[in-house]
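# Structural overview for review
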Amino acid sequence: MSDDDILTLEEVAKYLRVSERTIYDCAQKGEIPAGKIRASWRFKKSEIDKWVNEKLSPPNLNPKPNPIRAESILSLQRIIFLNYPNKRDALLALADNLSASPQVKNRQELTTEILKREELMSTAVGCGIAIPHIRLPSVTDLVVSVGISRTDIVDFHPLDDEPVRLLFMVAAAHNQHAYYLQTISWFNTRLFNPELRTSLLSTQTPQEVYDLFNTE
């Protein structure tokens, strides 16, 4: 089994010798590194191994992240409108926008790793949404870039085959694993609301996008 292998929930349960329900509950709570494609959880073996090692290490005294608040992760400068029919161009535009933030210290590394992550497994989660995400040592604090696409992006290949129109790129520091998962979950939960998705697609300015999340 290679470190780059992508595992199913059942495979992780067998690998860690615990019940599938235990892994499912941990994934739902953001306690284990995981990604979700529509209704199916996926896990990268190298991240599972790192997580296990951290669990076996002495507990640290770092406080748990505070509950996610829209104003703490969103800014007007990091909200852009896209008009690209393919995911590579859309991801490059978002990475470029994200790299303009002071939290990102290595623009090329961010771009390279985001594209590599997407090649490994699509970050489209269904319902026209993609959440590309990465943790890097060259990122000093979690930062998010939001992209509202004016055209369908058809090559994300989500399980529901719905073209992507809403993108949320998340970059975080290596020591922000829990906060990182919490942020991804925060977007997933809110975007489950079809009215919010429809409203986001009709926005004309970054302020309108920002306000929709702050009134949720």
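Structure shown above.
Just so it is clear, the structure is predicted and the values come from calculations on it, not from any experiment.

On to the sheet that holds strand β3 (residues 40–44), then. Strand order in the open sheet made by the three strands is β1-β3-β2, with antiparallel pairing throughout. Each of the sheet's edge strands pairs with one partner strand only, and the pair in question is β1 (6–8) and β2 (35–37). Shown here is a sheet whose adjacent strand axes are inclined to one another by a mean of 40°, direction ignored. Bridge count for β1 against β3 is three bridges, and the pairing is antiparallel. Bridged to Thr-8 within β3 is Arg-42. Where helix α1 (residues 9–16) meets the sheet, it contacts β1 and β3, and its direction lies at approximately 95° from that of β1. Against the sheet, helix α2 (residues 20–28) contacts β2 and β3, and its axis sits at roughly 90° relative to β3.

This part takes up the packing of α1 against α2. In contact at an axis separation of 8 Å, α1 and α2 are set at 115° when each is read in the N-to-C sense. The pairing of α1 with α2 is recorded here as roughly perpendicular in orientation. Where α1 crosses over α2, the handedness of that crossing is right-handed. For the pair α1 and α2, contact is made by Leu-9, Glu-10, Val-12, Ala-13 and Leu-16 and by Glu-20, Ile-23 and Tyr-24, respectively. Each residue belonging to the contact of α1 with α2 can be placed in one class, and the counts come to six nonpolar, no polar and two charged.

The rules we used
- Residues numbered from 1 in each chain as written.
- Predicted model: local features only at pLDDT ≥ 70, side-chain atom pairs only at ≥ 80, totals over all residues.
- Heavy atoms only, no water.
- Pairing = 2+ DSSP bridges.
- Helix = DSSP H or I, 4+ residues; strand = E, 2+ residues; numbered from the N terminus.
- Axes fitted to C-alpha atoms, helices over the stretch in contact; angles between N-to-C directions.
- Contact = heavy atoms within 4.5 Å.
- Parallel < 35°, antiparallel > 145°, perpendicular 65-115°, else oblique.
- Left-handed = near helix turned anticlockwise from the far one by under 90°.
- Nonpolar A, V, L, I, M, F, W, Y, C, P; charged D, E, K, R; others polar.

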